[in-house]
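Breakdown of the fold
What follows is each chain in one-letter form.
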Amino acid sequence: MILGLRTRLRRPAPPADPVHVDVAHAGEVFRVAVRRAAAARRFTLRVSAATGDVMLTLPARADFARAADFAKRHGGWIAARMAKVPAAVDLVPGAVVPIRGHNHHIEHRPRARGTVWIEAHENGRCVLAVAGAAEHAHRRILDFLKREAKRDLEAAVLRHTTRLGKRAAKITLRDTTSRWGSCSAAGRLNFSWRLILAPSFVLDYLAAHEVAHLREMNHSPRFWRLVHLLAPRTDEAEAWLKRHGSALHRYR
């Protein structure tokens, strides 16, 4: 009798895709992130109007070389959309940042007491003053804006939940690019801190939108009637976000 051992040879795993592809056009090079998606049926390119990030999506079993060639052949398309992305603004002294929809000039006051505060001058000029060492200015400004956003959002949420007789389990601020707010099934509300940069009626609308989900976890006509009841300027706020929302992401 001869005993035999049957072995199964494993095929080596295919090499992992590069995490990005560099696409050149008219002297510029654009870095394009790469991802595979099981639901994808074709190659797609997307340029985020908020951040300028470029994404190439390809089906799970598609040939990577063909996908990379697809991206490189659309360098002009990428360049045209990148040109529409607002230029980034650093939150540092000398910059201008909108707060509640009004432009504020950031001024450094190194010898002043305090951290960050707002000054409204008689000539209509608004100033965001920041004290302390210059190297801490950016962090102090960002912390100030987030505190102001949370204060305004908590007040708006309380106003709307009181009217509905509902309660939010928790309010959290994040820095999201795909949505301005969300509501979980457990009643936790999440908002973008960047809403402090928009006019107050826009922040109020987003608070009302998410609070309405505490009663209607959908976007049915009944939900929208509730939103309009809480925030009468809903249509105006939606139009403002459509025109100007992506520009709020330029402040970094």
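Everything that follows concerns the structure shown earlier in this document.
Quick caveat, the model's predicted, so the values are computed rather than measured.

Reading guide: rules and limits
Residues numbered from 1 in each chain as written. Predicted model: local features only at pLDDT ≥ 70, side-chain atom pairs only at ≥ 80, totals over all residues. Heavy atoms only, no water. Pairing = 2+ DSSP bridges. Helix = DSSP H or I, 4+ residues; strand = E, 2+ residues; numbered from the N terminus. Axes fitted to C-alpha atoms, helices over the stretch in contact; angles between N-to-C directions. Contact = heavy atoms within 4.5 Å. Phe/Tyr/Trp six-rings, centres within 6.5 Å; stacked < 30°, edge-to-face > 60°. Buried < 20%, exposed > 50% of the residue type's maximum accessible area, 1.4 Å probe, protein only. Lys NZ or Arg CZ within 6 Å of the ring centre and 35° of its normal. Core = buried A, V, L, I, M, F, W, Y, C linked by side-chain atoms within 4.5 Å.

Turning to the sheet that holds strand S5 (residues 96-99), a few remarks are in order. Backbone hydrogen bonds hold the strands of a sheet together, and the pairing may be parallel or antiparallel. Judged by pairing direction, the sheet is mixed, and its four strands sit side by side in the order S5-S6-S8-S7 without closing on themselves. Either end of the sheet is taken by a strand with one partner, and the two such strands are S5 and strand S7 (116-120). The average undirected angle you get between the axes of adjacent strands in this sheet is 35°. As paired strands, S5 and strand S6 (residues 102-109) are joined by four bridges and run antiparallel to one another. Looking at S6, one finds that Pro-98 is bridged to Asn-103. With respect to the sheet, helix H3 (residues 137-164) is in contact with S5, S6, S7 and strand S8 (126-131), its orientation differing from that of S8 by roughly 125°.

Turning to the packing of aromatic side chains, a few remarks are in order. Within this structure, the stated rule accounts for two aromatic pairs. Between Phe-43 and Phe-70, the ring centres sit 5.7 Å apart and the planes meet at 45°, which makes this aromatic pair tilted. Taken together, the residues span a long stretch of sequence, with Phe-43 in the loop between strand S2 (28-37) and strand S3 (44-47) and Phe-70 in helix H1 (residues 64-73) at a distance of 27 residues. The two residues Phe-43 and Phe-70 agree in class, both being buried. Taking 5.1 Å as the distance between ring centres and 75° as the angle between the ring planes, the aromatic pair formed by Phe-223 and Trp-224 counts as edge-to-face. Cation over ring: Arg-233 sits above Phe-201, and NZ or CZ is 3.9 Å from the ring centre.

Further remarks concern the nonpolar core. Residues Leu-91, Val-97, Leu-128, Leu-145, Val-157, Leu-189 and Val-202 are the most contacted members of the largest nonpolar core, which totals 50 residues. Looking at this core, the elements that each hand over two or more residues are S5, S8, H3, strand S11 (188-192), helix H4 (200-212), helix H5 (221-230) and helix H6 (234-244). Ranked by residue count, the leading element in this core is H3, at ten residues. When neighbours within four sequence positions are excluded, Val-202 is seen to be in contact with Ala-237, Trp-240 and Leu-241. Core analysis: the next-biggest nonpolar cluster, separate from the first, contains 20 residues, Leu-58, Phe-64, Ala-67 and Ala-68 among them.

On to the sheet that holds strand S1 (residues 20-25), then. Spatial ordering of the open sheet is given by S1-S2-S4-S3, a layout of four strands whose pairing is mixed. Two strands bound the open sheet, and with one partner strand each, they are S1 and S3. In this sheet, adjacent strand axes meet at a mean angle of 30° when their direction is disregarded. Relative to strand S4 (residues 54-59), S2 is paired through six bridges, and the arrangement is parallel. Paired with Val-34 across the strands is Leu-56, a residue of S4. Helix H2 (residues 75-82) rests against S1, S2, S3 and S4 of the sheet, and its axis sits at about 20° to S3.

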